Amino acid sequence: MEKIVIKGGVPLTGTVLVSGAKNSALPLLFATLLAAGESEIGNVPQLRDINTTVKLLGEFGALVTREGDICRVDARQIAGIEAPYDLVKTMRASVLALGPLLARCGRARVSLPGGCAIGARPIDLHLKGLEAMGATINLDHGYVDARADRLRGARIYLDLPTVGGTENLLMAAALAEGETVLENAAREPEIVQLAAALNSMGAKIEGAGTAVIQIQGVDELQPLKCRVIPDRIEAGTFMIAAAITGGNVLVRDAIREDMEALIGKLSETGTEIREEEGGLRVIAPETLKAVDIRTSVFPGFPTDMQAQFMALMTRATGTSRISETVFENRFMHVCELQRMGADIHIDGHSAIIRGCEQLTGAPVMATDLRASASLVLAGLAAENTSEISRIYHLDRGYERIEEKLAALGARIWREQE
Ligand code: UD1
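Residues numbered from 1 in each chain as written. Predicted model: local features only at pLDDT ≥ 70, side-chain atom pairs only at ≥ 80, totals over all residues. Heavy atoms only, no water.

### Observations regarding the overall build of the protein
- Counting secondary structure elements, the protein contains 14 helices and 24 strands.
- Taking 2.2 N^0.38 as the reference for a compact globule, 417 residues should give roughly 22 Å; the C-alpha atoms of the protein span a radius of gyration of 21 Å, in line with that estimate.
- Overall size of the protein, expressed as C-alpha extent along the three principal axes, is 65 × 45 × 40 Å.
- Expressed as a percentage of its 417 residues, the buried residues of the protein come to 58%.
- Looking at the protein as shown, the accessible area adds up to about 16,000 Å², and 47% of this sits on carbon and sulfur atoms. (Helix = DSSP H or I, 4+ residues; strand = E, 2+ residues; numbered from the N terminus. Rg over C-alpha atoms; globule rule 2.2 N^0.38 Å. Buried < 20%, exposed > 50% of the residue type's maximum accessible area, 1.4 Å probe, protein only. Areas by Shrake-Rupley, 256 points an atom, 1.4 Å probe, with all protein chains shown as cover.)

Structure below.
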């Protein structure tokens, strides 16, 4: 197994380029299953979750080729409809195969993802929506078995604006008979990109980016050709890397409108954020001010930035409260940050962080994707050496993070354990 080693204390400077968004690339790759032809997606990041998705598409009989950041998926023939447990357990987003397979083939068998480090994460709303569209769903041997001759449009109210649920239902409704209305839909930029991509394939979707999305089903879709939007979570992680190390970094391809909540909160800490040609410049203040955050759905503060922001708050002057409202168990990084000298205690769904003078390097363990990023950030700011193990979590969602940070001056590298 590999680990990341960091000798902290270097203020980061220079320019870093943001990769394509994992959370956009995944639904786009699954959307290629909707068209009987060859789709082409550009700006696809090199990540473990993308590799898992490519394997899954192969299980369904699609032919996938990759050339740099371009991914071509030939889905002329769909030969399989089962997403096996071995793949689903490594990536919950595998459940996004359900909507497209059901709509295209009339049947899908997808292993139930089960729990994960950040909570139970059920998929009941995905299933309720598909049932409302006429699917028959059975749960057997740990699998969701869904069938439908042809899905029918329906009016669906989502109890929570689930991102994956909205994506699954969008893809299913695109090929259903008649009109579907999704109420209380998720509004994340990745939903907007998926809807635009489906429309470019011939779908008729209106309202993506608002809480109500209307989809007029069509009989068939054409192959997809598009480019993945920049990753707002990766961009945000680099912005915090600049702020926590006292640095000055241009984050290229960061899109301001997709990151207003984070930018607002970073500004409150005293960090300066300037729009420049091609990206956002982040200039750290002399001292960081403590601020409170509360995660929520877009356009609120993203839960995927919570752990990284907590790392930043360990270095701030004063006390901050970070409340997690999206996932029930997303404070796994707290114990590891404490091992680096952070003063944090958990009070229900909130963490109270008292800023400390200095973090100290320590061996720590990554527990999930964004928790790993928070440990990297803490390591960049800490005295001495930190070693982060179980970095396969990090490789799920960050493309060559150690190389990108090293190019900004960080003393960081990957080693065999
Ligand atoms: C997506 C993102 C993930 C991000 C999350 C919230 C991808 C691949 N992943 O995950 O990085 O952290 O959005 O922004 O895009 N829920 C239910 N029933 C359901 C579905 C969800 O109760 O059927 C609950 C979940 O347990 C969770 C909350 O709703 O508490 C949000 O989940 P959801 O928006 O579905 O997240 P994902 O799509 O899994």
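### Quick word on the site of the ligand
- Near the ligand you find 17 residues, and of these Asp-124, Leu-125, Thr-162, Asp-304 and Val-326 are the closest.
- Contact between the ligand and Gly-164: an oxygen atom at 2.7 Å from a main-chain N or O atom of the residue.
- Residue Val-326 places a main-chain N or O atom 2.6 Å away from an oxygen atom belonging to the ligand.
- In isolation the ligand offers 740 Å² of accessible surface; the protein chains occlude 83% of this area. (Near = heavy atom within 4 Å. Polar contact = N/O pair within 3.5 Å; in protein donor to acceptor, adjacent residues only side chain to side chain.)

### Looking at the pattern of salt bridges
- For the coordinates displayed, the defined rule picks out 31 salt bridges.
- Between Lys-265 and Glu-268 there is a salt bridge, with the nearest N and O atoms lying 3.4 Å from each other. One end of the pair, Lys-265, and the other, Glu-268, are both in helix 9 (residues 260–268), 3 residues apart, so they sit about a helical turn from each other.
- Lys-265 sits in the partly exposed class, given a relative accessible area of 21%.
- On the basis of relative accessible area, Glu-268 is assigned to the partly exposed category, the value being 41%. (Salt bridge = Lys/Arg side-chain N within 4 Å of Asp/Glu carboxyl O.)

### Comments concerning the sheet that holds strand 12 (residues 204–206)
- As summarised here, the arrangement of the 4 strands in space is 10-11-13-12, forming an open sheet in which the pairing is mixed. Each edge of the open sheet is held by one strand with a lone partner, namely strand 10 (155–157) and strand 12. If you compare each strand with its neighbour and ignore which way they point, the axes differ by 15 degrees on average.
- Here strand 11 (residues 179–183) pairs with strand 13 (residues 212–216) via 5 bridges, running antiparallel. The partner of Glu-179 across the bridge, within strand 13, is Gln-216. (Pairing = 2+ DSSP bridges. Axes fitted to C-alpha atoms, helices over the stretch in contact; angles between N-to-C directions.)

### Section: the domain arrangement of the protein
- Each domain of the protein was delimited in the assignment, giving domain 1 (2–19 + 230–416) and domain 2 (22–216).
- The distance between the C-alpha centroids of domain 1 and domain 2 comes to 30 Å.
- Between domain 1 and domain 2 lies a buried interface of about 1,800 Å² when both sides are counted; carbon and sulfur atoms form 53% of it.
- Of all residues in domain 1, Phe-298, Arg-396 and Glu-399 give up the largest surface area on contact with domain 2, accounting jointly for 32% of the area buried on that side. (Domains from an automatic or database assignment. Buried area = accessible area lost by both parts, 1.4 Å probe.)

### Remarks on the packing of helix 10 (residues 306–313) against helix 12 (residues 369–381)
- Between helix 10 and helix 12, whose axes approach to 7 Å, the crossing angle comes to 20 degrees. Here helix 12 runs roughly parallel to helix 10, going by the angle between their axes. Crossing of helix 10 over helix 12 shows right-handed handedness. Note on element contacts: helix 12 touches helix 10 through Arg-370, Ala-371, Ala-373, Ser-374, Leu-377 and Ala-378, opposite Ala-307, Gln-308 and Ala-311.
- Considered class by class, the residues forming the contact of helix 10 with helix 12 number 6 nonpolar, 2 polar and 1 charged. (Parallel < 35°, antiparallel > 145°, perpendicular 65-115°, else oblique. Left-handed = near helix turned anticlockwise from the far one by under 90°. Contact = heavy atoms within 4.5 Å. Nonpolar A, V, L, I, M, F, W, Y, C, P; charged D, E, K, R; others polar.)

### Focus: the layout of surface pockets
- Of the volumes computed, that of the second largest pocket is approximately 380 Å³.
- What lines the second largest pocket is a set of 21 residues, and nearest its centre among them are Ile-244, Glu-286, Leu-288, Arg-315 and Glu-357.
- The residue inventory of the lining of the second largest pocket, partitioned by class, reads 10 nonpolar, 8 polar and 3 charged. (1 Å grid on protein atoms, 1.4 Å probe; cavity = no way out; pocket = protein on both sides within 12 Å on 5 of 7 lines; lining within 4 Å. Points joined across faces, edges and corners; volume = space filled by probe spheres on them.)

### Description of the nonpolar core
- One finds Phe-30, Leu-34, Leu-98, Met-133, Leu-151, Leu-170 and Leu-198 to be the most contacted residues of the largest nonpolar core, which totals 76 residues.
- Other than its neighbours up to four places away in sequence, Phe-30 contacts Thr-53, Leu-56, Leu-57, Met-91, Ala-93, Ser-94, Leu-96, Ala-97, Pro-100 and Met-171.
- With 68 residues, the next largest nonpolar core counts Met-259, Val-282, Leu-312 and Ile-412 among its residues. (Core = buried A, V, L, I, M, F, W, Y, C linked by side-chain atoms within 4.5 Å.)

### A closer look at the environment of Ala-146
- Counting through the fold element by element, Ala-146 comes out in strand 9 (residues 143–147).
- A relative accessible area of 0% means that Ala-146 is categorised as buried.
- Here the alpha-carbon distance between Ala-146 and Gly-270, two residues 124 residues apart in the chain, equals 51 Å.
- Excluding residues that lie within four positions of it along the chain, Ala-146 makes contacts with Leu-98, Leu-102, Gly-106, Arg-107, Ala-108, Thr-136 and Ile-137.

### Some details on the packing of aromatic side chains
- Scanning the entire structure with this criterion turns up 1 aromatic pair.
- Between Phe-301 and Phe-309, the aromatic rings sit 5.4 Å apart at their centres with planes inclined by 80 degrees, giving edge-to-face as the arrangement. Each member of the pair, Phe-301 as well as Phe-309, is classed as buried.
- Residue placement shows Arg-109 over the ring face of Tyr-143; its charged tip is 4.6 Å from the ring centre. (Phe/Tyr/Trp six-rings, centres within 6.5 Å; stacked < 30°, edge-to-face > 60°. Lys NZ or Arg CZ within 6 Å of the ring centre and 35° of its normal.)

### Details of the state of the cysteines
- Counted under the stated rule, the structure contains 0 disulfides.
- With no disulfide of its own, Cys-105 lies closest to Cys-71 among cysteine sulfurs, the gap being 19 Å. (Disulfide = S-S within 2.5 Å.)

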